[in-house]
Amino acid sequence: MLVKEIIPLLDAELIYGSDDIDIREIHSGCGSDMMSDVLAFVKDQPVLLTGLCNPQVIRTAEMMDIMCLVFVRGKRPDEKMIELARERNICLLATPHTMFTACGLLYKAGLVGGA
């Protein structure tokens, strides 16, 4: 699945990363607000859905080669987080959906879990 396909599925707003949403391929997904779980279980170029909105999310994404972050429940990253994502070339999206709904929509569209 490409990042550009995720945007309409989740009614998401693209916050950063417009240059390459046509080529960024996502192989799996993960939904978590606990970065320790992300560090333990994430693999294979995932998209991470989270309601946690702090710089640690960007740093965790960098460590785990996460290509795209989706902030759920209408959460929005601040300018410091956007700048960190820009420096690390991590795509940022925001959706009004809950994590449960957003994960379900992606799963229904064929994206698998990253376990």
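Our subject is the structure that appears above.
Bear in mind that the values here come from a model prediction, so they are computed numbers and not experimental data.

**As for the side chain of His-97**
Checked against the element boundaries, His-97 lands in the loop between strand S5 (91–94) and helix H5 (99–108). Side chain to side chain, His-97 and Asp-11 meet in a polar contact 2.9 Å long. The contact partners of His-97, leaving out residues within four places of it in the chain, are Leu-10, Asp-11, Val-72, Arg-73, Ala-102 and Leu-105.

**Things to note about the nonpolar core**
Where a protein is soluble and globular, its nonpolar side chains tend to be buried together. Ranked by size, the top nonpolar core spans 21 residues in total, and within it Val-38, Leu-48, Ile-58, Ile-66, Leu-69 and Leu-92 carry the most contacts. Listing elements by their share of this core, those giving two or more residues are strand S1 (13–16), helix H2 (35–41), helix H3 (55–63), strand S4 (68–71), helix H4 (79–88) and S5. Among the elements that line this core, the one with the most residues is H4, at four residues. Contact partners of Ile-66, with chain neighbours within four places excluded, come to Val-38, Val-42, Pro-46, Leu-48, Ala-61 and Ile-90. Membership of the second largest hydrophobic core comes to 19 residues, among which are Val-3, Val-47, Leu-93 and Leu-106.

**Section: H3**
Those residues of H3 that sit buried are Pro-55, Val-57, Ile-58, Thr-60 and Ala-61. Taken together, the buried residues of H3 touch H2, strand S3 (46–50), S4, H4 and S5. One side-chain oxygen of the residue at the start of H3 lies 2.9 Å from the amide nitrogen of Gln-56, identifying that residue as Asn-54. At the exit of H3 stands Asp-65, carrying a positive phi of roughly 55°.

**Describing the pattern of salt bridges**
Inspection of the entire model under this criterion finds five salt bridges. Between Arg-88 and Glu-62 there is a salt bridge whose closest N-O contact spans 2.9 Å. Here the residue Arg-88 occupies a position in helix H4, and Glu-62 occupies one in helix H3, the gap between them amounting to 26 residues. On the basis of relative accessibility, which here comes to 41%, the residue Glu-62 falls in the partly exposed class. Salt-bridge contacts for Arg-88 lead to Glu-87; the nearest nitrogen and oxygen are separated by 3.2 Å. Exposure remark for Glu-87: the relative accessible area of 54% places this residue in the exposed category. Several salt bridges converge on common partners, so that one network encompasses Glu-62, Glu-87 and Arg-88.

The rules behind the values
- Residues numbered from 1 in each chain as written.
- Predicted model: local features only at pLDDT ≥ 70, side-chain atom pairs only at ≥ 80, totals over all residues.
- Heavy atoms only, no water.
- Helix = DSSP H or I, 4+ residues; strand = E, 2+ residues; numbered from the N terminus.
- Polar contact = N/O pair within 3.5 Å; in protein donor to acceptor, adjacent residues only side chain to side chain.
- Contact = heavy atoms within 4.5 Å.
- Core = buried A, V, L, I, M, F, W, Y, C linked by side-chain atoms within 4.5 Å.
- Buried < 20%, exposed > 50% of the residue type's maximum accessible area, 1.4 Å probe, protein only.
- Salt bridge = Lys/Arg side-chain N within 4 Å of Asp/Glu carboxyl O.

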